[in-house]
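# Fold and contact review
The primary structure of each chain is shown beneath.
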Amino acid sequence: GPEREVLEKQAQELNVNVCFLGPIYDEERLAVLFMKSIAVVSPGKVGLLAIHALGYGTPVISHDDLDQQMPEVEAITPGVTGILFRHGEIQKLVVAMRHFLDINDSLAKREVCRASAIARIQQDFNSKSQVEKITTALDTVFWRAD
């Protein structure tokens, strides 16, 4: 996004090996990237990125200020499918990232995390469950006893 140039310069100055890929819309390429990733970090509003990443078994790291989040943040189960770090505290983001780097050292822990992420999406964020949630909400609004 708009911070790319600044981040590229900062990465170069700090000698950090990072690739800035820019927008990617090809699902096959996205699938490969998600499945090779240890975690997805979204320090701003996470939105549908959470659903997309978790669907491929990739945990999500984002901030905990729910007033500054999109509804999809609820797919992140802290400690299971991702981590919500304290908003505005970069050190907490670092700790969250370190957590998944440590998990990555254990294949068994990584697979449990991936399986939990996929299960979360399959259970609660599929079309059937979403229709049920919408129907329940509408029934509550239109058919509740006064």
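For the structure itself, look to the data block above.
Summary of the structure given here. This structure is a prediction, so every number in the text was calculated from the model and none was measured. (Residues numbered from 1 in each chain as written. Predicted model: local features only at pLDDT ≥ 70, side-chain atom pairs only at ≥ 80, totals over all residues. Heavy atoms only, no water.)

## Structural notes on the pairing of strand β2 (residues 60-63)
Let me state the cut-off plainly: A simple rule labels every residue: compare its accessible area, found with a 1.4 Å probe on the protein chains alone, to the largest value its type can have, and call it buried under 20%, exposed over 50%, or partly exposed in between. Helix and strand definitions here come from DSSP, where helices need a minimum of 4 consecutive H or I residues and strands a minimum of 2 consecutive E residues; each element is numbered from the N-terminal end. For two strands to pair, DSSP has to find at least two bridges joining them.
What you see with β2 is no split at all: Val60 and Ser62 on one side and Ile61 and His63 on the other are buried throughout. In terms of strand pairing, strand β1 (residues 40-42) meets β2 through three bridges, oriented parallel. Paired with Val40 across the strands is Val60, a residue of β2.

## Thoughts on the nonpolar core
Counted only if it meets this: Take the buried residues of types Ala, Val, Leu, Ile, Met, Phe, Trp, Tyr and Cys, join any two whose side-chain atoms come within 4.5 Å, and each joined set is a nonpolar core. Note on definitions: a residue-residue contact is assigned when non-hydrogen atoms from the two residues lie within 4.5 Å.
With 16 residues, the main nonpolar core has Val46, Leu54, Val60, Ala75 and Ile121 as its most contacted residues. Every element with two or more residues in this core is listed here: α2 (27-36), α3 (48-55) and α5 (107-124). It is α3 that provides the largest number of residues to this core, a total of four residues. Those residues in contact with Leu54 that lie beyond four places of it in its chain are Pro59, Val60, Ala75, Ile76, Thr81, Ala117, Ile118 and Ile121. In terms of nonpolar packing, the next biggest core, distinct from the first, is built from eight residues, Ile61, Ile83, Ala96 and Phe100 among them.

## A word on empty space enclosed by the protein
Put simply, the rule is: The way it works is a 1 Å grid over only the protein atoms, where trapped points that fit a 1.4 Å probe form a cavity and open points with protein on both sides within 12 Å along at least five of seven lines form a pocket, and then any residue with an atom within 4 Å of a point lines it. Grid points are joined across faces, edges and corners, and a volume is the space filled by probe spheres set on the points. Each residue gets one label: Ala, Val, Leu, Ile, Met, Phe, Trp, Tyr, Cys and Pro are nonpolar, Asp, Glu, Lys and Arg are charged, and the others, such as Gly, are polar.
Across all of its chains, the model carries one cavity of 30 Å³ or more by this definition. The computed volume of the largest cavity comes to approximately 50 Å³. Forming the walls of the largest cavity are Ile38, Pro59, Phe100, Ile103, Asn104, Arg110, Cys113 and Arg114. Mapped by element, the contributors of at least two residues to the lining of the largest cavity are α4 (90-104) and α5. Residue composition of the lining of the largest cavity, by class: five nonpolar, one polar and two charged.

## Focus: the packing of α3 against α5
Describing two packed helices takes the angle between their axes plus the distance from one axis to the other. Worth spelling out the cut-off: To define axes, lines are fitted to C-alpha atoms, for helices over the stretch in contact only, and angles between the resulting N-to-C directions are given on a 0 to 180 degree scale. Just so you know how the angles are binned, under 35 degrees is roughly parallel, over 145 roughly antiparallel, 65 to 115 roughly perpendicular, and the rest oblique. A clockwise turn of the near helix away from the far one marks a right-handed crossing, whereas an anticlockwise turn of less than a right angle marks a left-handed crossing.
Two elements in contact, α3 and α5, have axes separated by 7 Å at closest approach and are oriented at 120°. Judged on the interaxial angle alone, α5 and α3 are oblique. As for how α3 packs across α5, the hand of that crossing is left-handed. Every residue of α5 that contacts α3 at Ile51, Leu54 and Gly55 is listed here: Ala117, Ile118 and Ile121. Per-class residue counts for the contact of α3 with α5 are five nonpolar, one polar and no charged.

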